[in-house]
Each structure stands twice: as structure tokens, then as C-alpha cells.
Amino acid sequence: MKKKFERKISILFYTFGSRKIGFGHLFRCISLANFFLKQNYLFSFDFIIDNNQTDTSILKEFADFRFNIYKKIPKSKKNKWNICIVDKLNEKILNLNKLKKLTDILVTIDNKYINDQVDISFFPLYKPKKKILYGSDYQILNPNFLNERKIRNKRKKKKNGSLSLFISQGGSDAHNLLYKITFFLMNEFYDLNNIKFYVLLSSKYNSKEKNLFYLLKKKSPKKLFYIYKEKNLAKIMNKMDLAISSGGITACELMYLNIPTLLISKEKKELETMSFLSKKKLCINIGYFNQRNIKNLKKKIKELINNYSKRESLQKNCKNFFRINSSNQVCKIILNKFIKRKVLNE
């Protein structure tokens, strides 16, 4: 294909992420950058991280490309960025206006507050009131998940035998639910020899939190396994038969791999997403974390373990819902918009 734009395309990400708010937005930007690198152009990447609570070590740990970090939105810039992608929940119109002056194309993700300055706006699942590109066709996931989904589609289905249960509360586990869920289920299912637990630990746990998991592991070394600082999480997820997750991006990653998933969370902002996914019959929504619902979680896990047809139904629904290469489509939409505008202006 003949290139219509020969020089390097500069992309700015304006995002955030921390133990308190989660790392989904940061990881999504890293994933999107990796998909841009697969396109037929050269790129440079910058990040604006103007939130003091944002943990930039995640970028340094998981981004395999060069980038610069700005601590605030600059007042002016000699050479504009070609594309600015804002991946923050409901970013203020004032900041969107500032960014538009510094870039050719302004893109937002998961942002209900948009105006005429925004060129493209994506909502990866359901549709808000504004006219934007929405739905699973615009889901942005790490490139590893695309490869693993192709592998999973060829794998033979398991009707019985030992089962692997993946447990996660996202990359941050802001409410410390992971230990509570794991401790409860390990006790409840201790006598079940056909189930193994694979728990995704946050890389941001303090020593006290790590020690709790260490003591739990000592009690059941052959049933409980930890996943920690794993770069290719998709490969591990793809070996799972069942999963428990919060309602963030991890949930979508699991469903993208057609893994029967139960959702439970203490993040109120995730409850709407969890309800949407449940109504689409892609998962089982346990709801807000409390004592009643964690008992219901145990009940629903037992039902899935003993009901292969229910697991198969969830797998089929997920397979039909998520487009296999949605992240690549998002990149192409953004690039086409930018190149078309550049060509028209020249």
C-alpha cells in the first residue's frame, strides 16, 4: 500500500491510573500504542500525566516502546501533535479545548463530556447520549489477546475433569477484595480436588498485603497459584476454565477469550458496565461486594462447575459479541481521519 503520509506521526496520550482508581486506562493506552506500531507508518509517543496520584512506574514497566512524559498540559507547542487520545473518565471540556489547540486530531475514550472540538469519540461497550462510535467493535485490548483468541477457538472443549479458576480484582485491587474473595473460596471449596485457583496479584501490594497471600499459599500449595507482574497475561488467562473479576477492562479481556466469568466489585462506577454485560448474557453478575453477594458467588460458581451447557452458552455469547480485531479497527479509524485531513489541507 502506498503511503500517503511519509513522516513520523506523533501521538499524545492524556490519561491516568493509580492504586486508588485502577490502571485500566493506562494499560489501554499502552495496548493502543502497540497496535499503532503494527500499522504501516512510523510513530512517536508522548504521555501527559498531570495527576499526582498517577503511578507512572506502570508505563515504565509495561510499555515496550520509547515515550516521553509531560507533567501538565503545555500552554503552547512549536510543533503540534498529530493525534491526541484522551483516555480519562469524563475529562473537563476546558482541558479538551486546551488539547485541541495542540493537536490536529482530538480523540476521546470513555468520555461523556464531548463538544465540537472532539474529532472522534469511542465508547468500547454501551452507548451514552452523545453521538459517538460505541460498542464491542471498538474494544481496545492488548495485542496478545488477539493471538490467544485465535488459539482458544481451535482448542477442544473441556466438559469435565479438573478446572482452573482465575480470580482478579484488576491491576490495583483498590478495595482489597482479592484476599477476601480468595480466602472465602479456598475455605468453601477446600475439599474439591478438581479445582485449582489462579490469583492475579497487584504489583502495588505493600509487604503486609503480600504476606497475607503468602500465608494462604502455605496452607494449600497444590491448589493455589499466584500470577505476578506477568506481561503476557493473555496467555495465562487462555488456560482458564472459569473466572471471577471486577467490572473493568480485565472483565472484557476474559470475555473476549470466551471464558465464563462472574463479576463482583466494590467500585460503583463499574456496576453499570457489569449490568450491561450481564444483560447481554456474556457473564454472571453477582453485583456489589457484600456478605450476601459473596455467598451468592459461591452458589453460582458451583452451578457453573456442574453445568457444562451453561458454561458453553456463555462462551458462545462472548464469541459472537466481541469483534476479533476491534483494536486494529480503532487505530485505522483514527489514522484515516488524520491522513484524510492532512491530505485535504495540503
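To be clear, the structure that these remarks concern was listed above.
The structure displayed is predicted, hence computed values, not measured ones. (Residues numbered from 1 in each chain as written. Predicted model: local features only at pLDDT ≥ 70, side-chain atom pairs only at ≥ 80, totals over all residues. Heavy atoms only, no water.)

Novice: Just to check I follow, could you spell out the pairing of strand β11 (residues 242-245) for this structure?
Specialist: Successive residues of a regular strand alternate their side chains across the two faces of the sheet. Taking every second residue as pointing to the same face, both faces of β11 are buried, with L242 and I244 on one and A243 and S245 on the other. Here strand β8 (residues 163-167) runs beside β11; their pairing, made up of 3 bridges, is parallel. Counted as the bridge partner of I167 is I244 from β11. With 3 bridges connecting them, β11 and strand β12 (residues 261-265) associate as parallel partners. Within β12, the position partnered with A243 by the bridge is T261. As for the winding sense of the linkage, the β-α-β connection from β11 through helix α8 (residues 249-256) to β12 is right-handed. (Buried < 20%, exposed > 50% of the residue type's maximum accessible area, 1.4 Å probe, protein only. Helix = DSSP H or I, 4+ residues; strand = E, 2+ residues; numbered from the N terminus. Pairing = 2+ DSSP bridges. Right-handed = clockwise from strand over helix to strand, strands pointing away.)

Novice: I tried to follow the side chain of S245 on my own but got confused; where do I start?
Specialist: Counting through the fold element by element, S245 comes out in strand β11. Residue S245 is classed as buried on the basis of its relative accessible area, which comes to 0%. Once residues lying within four places of it in the same chain are set aside, the contact partners of S245 are S168, Q169, T250, A251, L254, T261, L262, L263 and I264. (Contact = heavy atoms within 4.5 Å.)

Novice: Honestly, unusual backbone geometry in this entry has me stumped. Any pointers?
Specialist: Across residues other than glycine, the phi torsion is negative in most instances, and most of the peptide bonds are trans. A positive phi is found at D110, a non-glycine position, where the angle reads about 60 degrees. The topology assignment puts D110 in the loop between β5 (103-109) and β6 (120-123). Judged by its relative accessible area of 16%, D110 falls in the buried class. Positioned with a positive phi, K281 is a non-glycine residue whose angle comes to about 60 degrees. Its place among the elements puts K281 in the loop between α9 (268-279) and β13 (284-288). Note on K281: relative accessible area 58%, which makes it exposed.

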